[in-house]
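So you can see what is in the structure, the chains are spelled out below.
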Amino acid sequence: MKKFPEGFLWGSALSGPQTEGYSLKEGKSASTWDYWFKENPERFNENQGPETTSNLYEDYAEDCQRMKAIGLNSIRTSIQWTRLLPDGKTLNPQAVDFYRDYFTKMKENGVKPIINLYHFDMPMWLMDKGGWETRESVEAFRFYAQKAFECFGDLVHDWTTFNEPMVHVECGYLQGFHYPAIVDIKKAVQVAYHTLMAHVKAVQTFRKLMPQGSIGIILNVSPSYARSQSAADLKAKKAADLVNIKSFLDPAVLGKHNSDLVELLKNNQLLPETLPEDEKDVAANTVDFIGLNYYQPSRVQAPEKASFPAKTLDDFYQPYDWPEKKINPYRGWEIYPQAIYDVAMMMKKDYHNLPWFVSENGMGVADEERFMDDSGMIQDDYRIEFMKEHLSYLHQAIEEGSNCFGYHTWTFIDCWSWLNGYRNRYGFYRVDLEEDYKRTVKKSGLWYKKLSERNGYEE
């Protein structure tokens, strides 16, 4: 039996925009996703936009009971900025009532809420001004954070500022996957910097309003593994980790920018615009804990031909196709559980062994109805095996002293996934889009309940 520490969090992660629905109702204003779907619906899988989510806005009370039914003792989800402050200034009373009752129902069912403020959902009113490209976004986010703490701080003790901030940087400004879907590395660096300062200002405000509370940030980590031990490949690995891990983790935990990253940006004429007081604010507003989302590793090699100064990330490092990899064919991601041990050891050795948790880990599979038995339950043994493999390495890391306090899967119920819609399913509960969003537990949900009850599992 692999046992985990007493009080370990067994939970799931989800987000407001991916589950709530009612994307332009009940006082909510448009996010970039609402706008983009209206303008370019053809970019979205099967015409599934932000309104076509999991109807949690109506079903949250029963969903909180479903959380309890499969042993979840914690949930990390997000408030939608566009729902709480539709114009950026004025509280939406319908949103306040909804979120207060939602968080209350969680707690009544023994589920600890960990509430995140931003999950890729930039308000359109702010995007029209430049979004994260403009310094105005820092104060706008700080004000939103303040209102969230004031409205829900009596119900929620644990908060996070951003989920995967590198995603809206890379997908929006380097890869063309998220709105505004441009490729401009200089803008990407500025967007990342303003996002970091928005986080810092939110933490600063939190300390004043909720001195007894706890605040962190959720970062996606794909630890890099070099193609070879050559100097060029190791240089590429270092650059990949600087950009994708240390860019936010160092200031959030250590209170300072990584000097090697600063040098890399400076050499490539990519340093962002800053204010004189920023460095002091970063140092004074570090986090209490970190959430790390892990899905896949990053295999890298030296660029074959690099531009200087850099025009894209490919000028620092390029992907390497490891021939021995095990792959999830539906998502196209490598399955490499060993990396979760490496991540855990990184937190222990390089980041003061700060408390942290696995804030997302999961496996998306298409056409899961293929695995449905006669009773209507999806027999997702592949998901159970995926979790076991990762938990085995996580358990080893905890035994060796890494200060991990929880494991959250992506996700609780099948949910809408941005441009991919419902193509791949990740949930413990199946959501039937053809039958009024009916929820049906999968085999993995029953397994997770036993995992939580035993605080461990049989090998």
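Before any of the text, the structure's been laid out above.
Attention in this report is confined to the structure presented alongside it. These numbers come from a predicted model, not from an experiment.

Points about unusual backbone geometry
Here is step 1: For the bond running from tyrosine 179 to proline 180, omega is 10°, close enough to zero to count as cis.
Here is step 2: Position of proline 180 among the secondary structure elements: in the loop between α8 (165-173) and α9 (185-209).
Here is step 3: Of the consecutive residues phenylalanine 308 and proline 309, the connecting peptide bond is found in the cis state with omega at 0°.
Here is step 4: Unusually for a residue other than glycine, phenylalanine 120 sits at a positive phi of about 70°.
Here is step 5: Residue phenylalanine 120 is classed as buried on the basis of its relative accessible area, which comes to 7%.
Here is step 6: Phi at tyrosine 437 is positive, roughly 60°, even though this residue is not glycine.
Here is step 7: Tracing the sequence through the fold places tyrosine 437 in the loop between β17 (429-432) and β18 (438-441).

Re the packing of helix α7 (residues 136-152) against α9
Here is step 1: The geometry of α7 relative to α9 is characterised by a closest axis approach of 8 Å and an angle of 35° between their N-to-C directions. Once α7 is placed against α9, the crossing between them reads as right-handed. Within the contact between the two elements, α7 uses Ser137, Val138, Phe141, Arg142, Ala145, Gln146, Phe149 and Glu150 and α9 uses His194, Met197, Ala198, Lys201, Ala202, Thr205, Phe206 and Leu209.
Here is step 2: Of the residues belonging to the contact of α7 with α9, the class tally is nine nonpolar, four polar and three charged.

Comments concerning the nonpolar core
Here is step 1: Residues Tyr102, Trp159, Ile290 and Leu394 are the most contacted members of the largest nonpolar core, which totals 123 residues.
Here is step 2: With 13 residues, the top contributor of residues to this core is α9.
Here is step 3: Core analysis: the next-biggest nonpolar cluster, separate from the first, contains ten residues, Trp33, Phe120, Trp418 and Tyr422 among them.

Cut-off values and rules
Residues numbered from 1 in each chain as written. Predicted model: local features only at pLDDT ≥ 70, side-chain atom pairs only at ≥ 80, totals over all residues. Heavy atoms only, no water. Helix = DSSP H or I, 4+ residues; strand = E, 2+ residues; numbered from the N terminus. Buried < 20%, exposed > 50% of the residue type's maximum accessible area, 1.4 Å probe, protein only. Axes fitted to C-alpha atoms, helices over the stretch in contact; angles between N-to-C directions. Left-handed = near helix turned anticlockwise from the far one by under 90°. Contact = heavy atoms within 4.5 Å. Nonpolar A, V, L, I, M, F, W, Y, C, P; charged D, E, K, R; others polar. Core = buried A, V, L, I, M, F, W, Y, C linked by side-chain atoms within 4.5 Å.

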